[in-house]
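# Descriptive structure summary
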Amino acid sequence: MASTFRLLMTSDLDGLGWEYTYNLCKSMQQKSNMEICILGFGNSANANTHCLQNIQIIPTNLPSEKEISSLNDKNYLDKIKKILEHTLKDFKPHIVHLNHILCSSVLHNYPALLYTQGNIFSLFKNQKSSSQNFFETIDIMKDALNNSQAIVMPSMHSAYNLVKSFDIKNKIRVIYNGLPIIQQEDLHLNSDIIVDAYMLKKHQDINLLNKIVSKLPDNINIKVLDNNKIFSQNRKIKSISYKNNEDIESVYKSSSIYLSLTGAESFNMIKAAYLNCALIVNNTPVMKEMWGDCACLFQKSNPNSLLRSINNLIENKEKLKQSIQNCHAKALSVYNSQRMAQEYLNLYKNILKKNIEFMKKMNS
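This write-up is about the structure you can find in this document. (Residues numbered from 1 in each chain as written. Predicted model: local features only at pLDDT ≥ 70, side-chain atom pairs only at ≥ 80, totals over all residues. Heavy atoms only, no water.)

### Topic: the sheet that holds strand β11 (residues 257-259)
Going by this rule: Here, any two strands with at least 2 DSSP bridges between them count as paired. Runs of H or I in DSSP of at least four residues are treated as helices and runs of E of at least two as strands, each being numbered from the N terminus. Axis lines are fitted to C-alpha atoms, over the contacting stretch for helices. Their N-to-C directions set the angle, which ranges from 0 to 180 degrees.
Spatially, β10-β9-β8-β11-β12-β13 is the arrangement adopted by the six strands of the open sheet, whose pairing is parallel. Pairing within the sheet leaves two strands with one partner each, and these edge strands are β10 (237-240) and β13 (296-298). Put simply, the sheet's adjacent strands are angled 25 degrees from each other on average, direction ignored. One ladder, built from five bridges, connects strand β8 (residues 192-196) with strand β9 (residues 221-225); its direction is parallel. Paired with Ile194 across the strands is Lys223, a residue of β9.

See below:
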């Protein structure tokens, strides 16, 4: 891309939203000479501690979509529109990369792509139950999808669900999320299993783990990254506090298996695969799509199925080693930020080609 290419992006400034933005922008900078401006939502603490050189971050001082009580808050929408209009006028981007439904719904006449992580219908969860609110929310989503020239989703399964509900199949593009490649570590064929407590969002996930611990062989240890002390210390579960990513990576490096009970994708799952952990994951469409035969799949909410999966790996070191190597190879080839960045850059180019007149106007 030309050195004058300017990208405006909206992003949450904390959590998985910021990790996605940070990895993507850092990798794109390594591949292309571009100016990036980020409109940030939510808590800016992470953004301040993970600096992106030569990238302008403008905090909006607005909560993220997951934090608001109603998508139909006119005051909130008006504030977004005002901030976007001001930034577009000052920064004059060639493309707008939106990670927020509400930003896309108020944006018109600009080449834009919308990234929506997972199932966008999760935005309904905090909405009021009245039918009027429901239909207004649907209209907001339709506006967002119609105003975007491309819609990016992180899995084929989530894309399929979106296409079933909206007539947008010609706009959909699947780009898998990725992390910077982490140097391969020595294999640990031990009996240590790591679980991220923050991924245990549902009460049944916690109950499932509690159900199986008493039935595990004595040589198996479960380590839970657990700053909130969800689990009390017992003979089979060890809660581990952490301060930063380095602490988390240290725990992964000393373990041989990463256990996910949620069935949702996460950057930590990819990180664990990079650091030579075999993956035991829920047998959900997303997990089957992401890891296929590389990971060990168990039936959702089924303690017996989970126990079999754990025992099959722990009792067969050769199978454990092969699973570790397969998960590592899959992460390396598919879930790396360099591949993700190149796919986005190619998509930006395609969008600009379809907006020749707009480009002429911007360059003049």
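What follows picks up the thread again.
### Considering the pattern of salt bridges
Our working rule: A side-chain nitrogen of Lys or Arg and a carboxyl oxygen of Asp or Glu constitute a salt bridge if their distance falls within 4 Å. Exposure is judged per residue with a 1.4 Å probe applied to protein chains only, and the accessible area is read against the type maximum: over 50% gives exposed, under 20% gives buried, and values in between give partly exposed.
Tallying each qualifying case throughout the model produces four salt bridges. Measuring nitrogen to oxygen at the nearest pair gives 3.3 Å for the salt bridge that ties Arg339 to Glu343. Here Glu343 and Arg339 lie together in helix α13 (residues 337-353), a separation of four residues that amounts to about one turn. With relative accessibility at 16%, the residue Arg339 sits in the buried group.

### Overview of the packing of helix α9 (residues 267-274) against helix α12 (residues 317-334)
Convention followed: Here is the rule for angles: anything less than 35 degrees is roughly parallel, anything more than 145 is roughly antiparallel, 65 through 115 is roughly perpendicular, and the remaining ranges are oblique. In this scheme the crossing of two helices becomes right-handed for a clockwise turn of the near helix relative to the far one and left-handed for an anticlockwise turn of less than a right angle. The contact definition used throughout considers only heavy atoms, calling two residues in contact when any of these lie within 4.5 Å. Only Asp, Glu, Lys and Arg are considered charged in this grouping, and only Ala, Val, Leu, Ile, Met, Phe, Trp, Tyr, Cys and Pro are considered nonpolar; every other residue, Gly among them, is considered polar.
Relative to each other, α9 and α12 sit at 120 degrees, their axes nearing to 7 Å. Classified by the angle between their axes, α9 and α12 sit oblique to one another. For the element pair α9 and α12, the recorded crossing hand is left-handed. Two secondary-structure elements touch here, α9 through Ile270, Ala273 and Tyr274 and α12 through Cys327, His328, Ala331 and Leu332. Grouping the constituent residues of the contact of α9 with α12 by class yields six nonpolar, one polar and no charged.

### Here's the deal with the packing of aromatic side chains
As a reminder of what qualifies: Two aromatic rings, drawn from Phe, Tyr or Trp (for Trp, its six-membered ring), form a pair once their centres lie within 6.5 Å of each other, and the interplanar angle then sorts them: stacked below 30 degrees, edge-to-face above 60, tilted otherwise.
Applying the stated rule across the entire model yields eight aromatic pairs. Ring geometry for Tyr176 versus Tyr335: centroids 5.7 Å apart, planes at 90 degrees, classification edge-to-face. With a gap of 159 residues between them, Tyr176 in the loop between β7 (172-174) and β8 and Tyr335 in the loop between α12 and α13 connect regions that are remote in the sequence. Judged by centre distance (5.1 Å) and plane angle (55 degrees), the rings of Trp291 and Tyr335 are tilted.

### Digging into the nonpolar core
For clarity, the cut-off: Residues grouped as a nonpolar core are buried Ala, Val, Leu, Ile, Met, Phe, Trp, Tyr and Cys residues, joined through side-chain atoms within 4.5 Å.
Of all hydrophobic cores here, the largest spans 57 residues; its most connected members are Leu7, Met28, Tyr252, Leu279, Trp291, Tyr344 and Tyr348. Ranked by the residues each element gives to this core, the list is headed by α13, at eight residues. Setting aside its immediate chain neighbours within four residues, Leu7 contacts Met28, Met34, Glu35, Ile36, Cys37, Phe91, Pro93, Ile95, His97 and Tyr348. Of all hydrophobic cores here, the second largest spans 35 residues; its members include Leu71, Ile101, Cys103 and Val106.

### A closer look at the pairing of strand β1 (residues 6-12)
β1 sits mainly inside the fold: seven of its seven residues count as buried. Side chains Arg6, Leu8, Thr10 and Asp12 project from β1 onto one buried face, and the interleaved Leu7, Met9 and Ser11 project onto a second face that is buried too. Looking at chain direction, β1 and strand β2 (residues 35-41) are connected through seven bridges and run parallel. In the strand pairing of β2, Ser11 is matched with Gly40.

### Observations concerning the sheet that holds strand β3 (residues 55-59)
Ordered by their spatial adjacency, seven strands build an open sheet running β3-β2-β1-β4-β5-β6-β7, and the pairing between neighbours is parallel. The open sheet has two free edges, formed respectively by β3 and β7, since each of these has just one partner strand. Neighbour to neighbour, the strand axes of the sheet diverge by 20 degrees on average, direction disregarded. Here β1 runs beside strand β4 (residues 95-98); their pairing, made up of three bridges, is parallel. Looking at β4, one finds that Leu7 is bridged to Ile95.

### A word on α9
In terms of residue burial, α9 counts as a mostly covered element, since eight of its eight residues are buried. Considered for burial, the residues of α9 that qualify are Phe267, Asn268, Met269, Ile270, Lys271, Ala272, Ala273 and Tyr274. In the stretch just after α9, Asn276 is the one whose phi turns positive, near 65 degrees.

### Considering helix α3 (residues 74-91)
Basically, it comes down to this: A helix is expected to span 1.5 Å for every residue after the first. Note: the arc covers the axis-to-C-beta directions of the helix. Here a polar contact is recorded for every N or O atom pair within 3.5 Å, except that within protein the pair must consist of a potential hydrogen donor and a potential acceptor, and residues adjacent in sequence are included only if both atoms are side-chain atoms.
In a regular helix each residue adds 1.5 Å, so 18 residues correspond to 26 Å; α3 covers 25 Å between its end C-alpha atoms and thus fits that length. Within the sequence span of α3, burial applies to Tyr76, Leu77, Ile80, Leu84, Thr87, Leu88 and Phe91. Around the axis of α3, the buried residues are gathered within 100 degrees of arc, so they sit on the same side. For α3, the exposed residues lying more than 90 degrees away from the buried face are Lys74, Lys82, His86, Lys89 and Asp90. For α3, the elements touching its buried residues are β1, β2, β3, β4 and α4 (101-105). Sitting at the head of α3, Asp73 places a side-chain oxygen 3.0 Å from the backbone nitrogen of Asn75. Of the residues one or two after α3, Lys92 is the one with positive phi, at around 50 degrees.

### Regarding the environment of His157
Position of His157 among the secondary structure elements: in helix α6 (residues 156-165). Looking at His157, the relative accessible area reads 27%, which means it is partly exposed. Sequence-distant contacts of His157, that is, excluding residues within four places in its chain, are made with Pro285, Val286 and Glu289.

Geometry only, nothing functional implied.
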